[in-house]
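# A look at the structure
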Amino acid sequence: MNMIENSMFEEEPDVLDLAKETPAYPLDPDDMVYEPRSSRLLVRGLGENDMDEEEEDYESSARLLGMSFMNRSSSLRPSASPYARQEQSSSCTMPSNRTLLLGVFVLVVVASVAMVIYFLPKCTLTKEGCHTVNTSMELIYPRATNGELFPWTSLRLPVYVQPVHYDLLIHPNLTTMTFQGTVSITIDVLNDTKNVILHSSGLQITNVTVQDKEVKKLEYQPWQQIALKFPEDLKKGQTYVLTMEYSANLSNSYSGFYNSSYVDKGGNKRVLAATQFEPLAARKAFPCFDEPALKATFLIKIKRETGYISLSNMPKVLLTVLNAVLDEFEKSVRMSTYLVAFIVANFTQINQIASDTLVSVYAVPDKVDQLDYALGCAVKLLKFYNTLFGIKFPLKKLDLVAIPDFLAGAMENWGLITFRERTLLVGNHSSLMDKQVVASVIAHELAHQWFGNLVTMKWWNDLWLNEGFATYMEYTSVEKVFPELEIGNDFLSMRFKSLAEDSLNSSRPISTEVATPEQVEEMFDSVSYEKGASTLLMLSSTLTEEKFYKGVSEYLEKYRNMNTDNEDLWNSFPQEEYNVVDMMNTWTLQKGFPLVTVNRTGAQVSVSQEHFLLKVNKTAKSSDLWHIPLTYVNDSCSTSPNCTQLFLLKDKTATFKVPKNVKWMKFNFRNNGFYIVNYGEEGWRALIEAVKENHEVLTPEDRASLINNLFALSRLGKLSFKQVMNLLVYLEHENHTAPLTEALYQLDRIYRLLDKRQDLLASSMKNYILNLFVDKMNSQSWEQDLPLSKQELRSALLEVACRYGQKNCTDRAEHVFLQWVASNGTERIPGDLMKVVFSVGAQSNAGWEMLLQTYTHSIVDADRRKMLAALASSQDVRKVLLQESLQGSYVKTQELPLILHTVCRNFAGHLYAWDFVKENWGKITQKFPIGSFAIQDIIMSTTSYFSTERLLWEVENFFRSRRDKSSKMRCVHEAMETIALNIQWMDSNLETLRKNL
């Protein structure tokens, strides 16, 4: 959901069984023991010519982008850059006699030393001296924290021990911000072993017993693993109980078992503790087998102080009051550790029974009046999913909880879904756009109760089976259950966004091999969510919705309470008409998407496919082919689904026949397919003329698709920007939201690029955009509530108009703002106009101060975020609240990505934001995990509008010099590639823009 949960690596799609492989994660040399083999140390990578790991990573990045980023002017950087191409001199000079004599002397000395070393025993010069050679051990084991060998060599846990059940007692202390815990894990042993390997991170484990006997514990912190070592084998086929007592600090970040706080209406600070375990943070709350395939049942007990409540996945069954309160919850269904959740807080709730499930919505007491809409949504959607999937929600209760400090949009913990306040609470005067956000997030998380919870991916390489499905259901369920929310435009723009991101060489397949924690974090991205959802829409449109959901229901029924991979899903669909497995593997196991080129001569239509790849190096090639379900309509019938015809393109080229009297053809009906189409000169001419004559010969989605495809082809270099402008002439007759907002977005993006490089053409582009849309901007109402799609259009048009300084817009916005100020913030502004009005008001000192004061006292989070975005839009960079958000003072740290995104939109702030990120990178990565969606968003927001060689070098050099793992993030390579492509597009199109604007 536009990364609701929030959040690209190797291209091989298959999962490695890392338990059988050598370590994929680099071991620190200080943590290794090297077994001698022929008296030589097995130290890898210490040769004098070996490339530094970070240099190697960036060299591969340069190859990925098909260019040498460092081949820049020597005045910008040290000439010794490993990426600079060193020019060889065309002539050489003879060395002097003195140089020759010196060289001979050095060679003699080196040879003499080498002979001495050669004839001495190879161990003579070592600190330990000579020992007996041991050639029996081949593995390289890491060193545990106590210096002993750690008996495991992989990030993945071994498969010979399986957890069955956890008994977990948690006791948080909300005064000291610490917690204590005891966990007893029942395990099945599948092979004889003296070691049990599991996960633990940041826990002080004080006592470990197995069957009441103490055992030895080792810890290897880089992999967040502990090993329990036994004097005798645990026997195959036997069951054992591991018990561990431990303590830890409540986390100050947004993962694990963390502390949160808020200020109530009386000005009192209230504290609470909540969990966020996905993807790899259950191990921060209790020792566990923290992999999605290692499902077990859980019986959770929580010790708490009076004055708080506790919540967990299952209903509460027992409450005991002694010195403190002890809450005990029912034994859970089998589930993965990342779905476990518990909360200790002083929340208030409302509830309703739906389909024999008690649905409750919780928030802080001051916001209890904002819960009704969410409860109504949850009840309707739960009933809808129960019927659609044919499998009833298996728990007795379902809680939806708004957490004051929460980084992701929401988290699908089974039976205890947690949300940002923004994505669950709806005020009395919230707009339809605000309600759409809440309904879609709830729809996404409820869909997870089936896709992810009931049936779970085996490993994070197939995260899309969770997130792609939940995103698809988010849009399709809201469209059916809440038609007044008109979510179709959002779904369409999401697919356009996904196409743009997947067109880069730094993209990845939907199903991607991952190993390290940072790689797992990066899987929470546009590919897993948005491309995953887009490919499911394409499959549903191809099979028909009825056959699609029949296959989905069979998949859920067959694999309930189990773990699956990519092919388990595809095999659940009927294979008679289409080989779904072969077809969909082309979309999930290779990166990118196809460009379909159409050429028509009379009745014969020729179609061909190639990888749509934005290339910095034009010689880069890709031989990938897709099975493309091509849909098309023509001038005889073009706006109804019944008009569509389908041709399955499997090969590089193919032909088929159409009636000779067909005037034009439009492919990819309603943009339900994940591909872009080029019609050739004649095909485009016919389509553009048809749209200019009567734009309603195509659906609004198809008109938006034409606009999107033309801009994409222009960026690819297949069409000139003049052809794009030729189509846009028709917009004076367009009134539908989808085509207008797509054109506005694409043009505004070009304006931002020009503006940020201070090109004189920026003013001409601004005038072109204003002239194209001025009548529609001036005709917008500023008072009345409108249908949601009209609100979306009004918001987009007026946001651009006021940001461009169009006087009619800024005057009207300032008038509305002053009325709001005069009413002391009680005058109602339509929700979709708040951001525009507040942004204009925030440009004055008095207006900015008034907004800040209102922000700090408002309890409606949707309104607060609009105020915050307006505050961050100030042209005075001293006021943009970056430090305040990073420190988490009166602006929560979770809002830092939003503030950075807003600051970067303005010319005055975009370089300031980048400097802020560079200067505070260490603090930022302490708050947000490397690879997380927040980090991805921060990097792309601050760099995606750079378009100069100097800034490209600066971004590359900054990340190349990092000592952390951020240099290996895919989004860093994506950022550099985007900048290089921006430079390339500007260089190629500036002359065209000058001639035509």
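Residues numbered from 1 in each chain as written. Predicted model: local features only at pLDDT ≥ 70, side-chain atom pairs only at ≥ 80, totals over all residues. Heavy atoms only, no water.

Quick note on the threshold: UniProt positions are given in the numbering used here, feature names are shortened, and annotations may be inferred rather than shown by experiment.
Going by an unreviewed UniProt entry, the chain carries the name Aminopeptidase and comes from Scleropages formosus. According to its UniProt record, the chain has this under Sequence similarities (unreviewed entry): "Belongs to the peptidase M1 family." In its Subcellular location (unreviewed entry) section, UniProt records this for the chain: "Endomembrane system".

## Observations concerning empty space enclosed by the protein
Formally: Think of a 1 Å grid over the protein atoms and nothing else: a 1.4 Å probe that fits but is trapped marks a cavity, an open set flanked by protein within 12 Å on at least five of seven lines marks a pocket, and residues with an atom within 4 Å of a point count as lining. Grid points are joined across faces, edges and corners, and a volume is the space filled by probe spheres set on the points. Under the convention adopted here, Pro, Cys and the residues Ala, Val, Leu, Ile, Met, Phe, Trp and Tyr are nonpolar, Asp, Glu, Lys and Arg are charged, and Gly plus all remaining residues are polar.
Counted as a void, the largest cavity has a volume near 100 Å³. Leu155, Leu280, Arg283, Trp459 and Ala515 are the residues nearest the centre of the largest cavity, which is lined by 13 residues in total. When its residues are assigned to classes, the lining of the largest cavity shows 7 nonpolar, 2 polar and 4 charged.

## Quick word on the packing of helix 24 (residues 907-919) against helix 26 (residues 933-943)
Helix-helix packing is described using two parameters, namely the angle between the two axes and the distance between the axes. Put simply, the rule is: In this analysis an axis means a line fitted to C-alpha atoms, helices contributing only their contacting stretch, and an angle means the value between N-to-C directions, from 0 to 180 degrees. We count a stretch as a helix when DSSP gives it H or I for four or more residues in a row; a strand needs E for two or more, and each element gets its number in order from the N terminus. Here the word oblique covers every angle except those under 35 degrees (roughly parallel), over 145 (roughly antiparallel) and from 65 to 115 (roughly perpendicular). Left-handed describes a crossing whose near helix is turned anticlockwise from the far helix by less than a right angle; the clockwise case is right-handed. We call two residues contacting when some pair of their heavy atoms lies within 4.5 Å.
Taken N-terminus to C-terminus, the directions of helix 24 and helix 26 make an angle of 140 degrees; their axes are 9 Å apart at the nearest point. The pairing of helix 24 with helix 26 is recorded here as oblique in orientation. When you trace helix 24 past helix 26, the crossing you get is left-handed. Contacts between helix 24 and helix 26 involve Ala913, Trp914 and Val917 from the former and Ile938, Thr942 and Thr943 from the latter. Looking at the contact of helix 24 with helix 26 residue by residue, the classes come out as 4 nonpolar, 2 polar and no charged.

## Some thoughts on the sheet that holds strand 11 (residues 297-304)
Worth spelling out the cut-off: Each pair of strands is called paired provided DSSP finds at least two bridges between the two strands.
Taken in spatial order, the 8 strands line up as 5-4-8-2-1-11-14-13 in an open sheet, and their pairing is mixed. Looking at strand neighbours, the two that pair on one side only are strand 5 (213-214) and strand 13 (316-321), the edges of this open sheet. Strand direction decides the pairing type here: strand 2 (residues 178-189) and strand 8 (residues 239-249), joined by 11 bridges, are antiparallel. Directly across from Ser184, in strand 8, lies its bridge partner Thr243.

## A closer look at helix 9 (residues 545-558)
Test applied: Expected helix span is taken as 1.5 Å per residue step, with the number of steps being one fewer than the number of residues. Only protein chains enter the accessibility calculation, which uses a 1.4 Å probe. A residue is then buried if its area is under 20% of the maximum for its type, exposed if over 50%, and partly exposed in between.
Here helix 9 contains 14 residues, and its C-alpha end-to-end distance of 20 Å stays within 8% of the 20 Å for a straight helix at 1.5 Å per residue. Inspection of helix 9 places Phe548, Tyr549, Gly551, Val552, Ser553, Tyr555 and Leu556 among the buried residues, and these make up the whole buried set.

## Points about the pairing of strand 16 (residues 348-354)
As judged from the 7 bridges shared by strand 16 and strand 17 (residues 357-363), these two strands associate in the antiparallel manner. What sits directly across from Ala354, in strand 17, is Thr357.

## A short note on helix 11 (residues 580-588)
In terms of burial, helix 11 is a largely internal element, 8 of the 9 residues being buried. Looking at helix 11, one finds that the buried residues are Val580, Val581, Met583, Met584, Asn585, Thr586, Trp587 and Thr588. Summarising the contacts, the buried residues of helix 11 are in contact with helix 5 (464-481), helix 8 (526-543), helix 10 (566-570), strand 23 (594-601), strand 25 (628-634) and strand 26 (645-649).

## A closer look at the packing of aromatic side chains
What counts, and what does not: The pairing test for Phe, Tyr and Trp rings, Trp by its six-membered ring, is centres within 6.5 Å, and the orientation test on the planes gives stacked under 30 degrees, edge-to-face over 60, and tilted for anything in between. Counting as a charge over the ring demands two things of the Lys NZ or Arg CZ atom: a distance within 6 Å of the ring centre and an angle within 35 degrees of the ring normal.
Enumeration according to the criterion identifies 50 aromatic pairs in this entry. Measuring from centroid to centroid gives 6.1 Å for Trp914 and Phe946, while their planes differ by 80 degrees, and the two rings are edge-to-face. In this pair, Trp914 is assigned in helix 24 and Phe946 in the loop between helix 26 and helix 27 (949-960), connecting sequence segments 32 residues apart. Phe946 gets classed as buried once you look at its relative accessible area, which sits at 2%. The ring of Trp459 carries Arg156 above its face, with NZ or CZ at 3.7 Å from the centroid. Of note, Arg864 hangs over the ring of Tyr855, and the distance from its end group to the ring centre comes to 4.2 Å.

## Re the pattern of salt bridges
Quick reminder of the rule: Salt bridges are defined by distance alone: a side-chain nitrogen of Lys or Arg within 4 Å of a carboxyl oxygen of Asp or Glu.
In the structure shown here, the tally under the stated rule is 44 salt bridges. Notably, a salt bridge pairs Asp356 with Lys392, separated by 2.7 Å at the nearest N-O pair. One end of the pair, Asp356, is in the loop between strand 16 and strand 17; the other, Lys392, is in the loop between helix 3 (372-389) and strand 18 (397-403), with 36 residues separating them in the sequence. Classification of Lys392 by relative accessible area gives partly exposed; the value is 42%. Salt-bridge contacts for Lys397 lead to Asp399; the nearest nitrogen and oxygen are separated by 2.7 Å. With respect to class, Lys397 is no different from Asp399; both count as buried.

## Examining the side chain of Ser795
Basically, it comes down to this: Polar contacts here mean pairs of N or O atoms no more than 3.5 Å apart (in protein, one a potential hydrogen donor and the other a potential acceptor; neighbouring residues in sequence count only if both atoms are side-chain atoms).
Within the secondary structure, Ser795 is located in helix 17 (residues 788-803). At a separation of 3.4 Å, a polar atom in the side chain of Ser795 contacts the main-chain carbonyl oxygen of Asp832.

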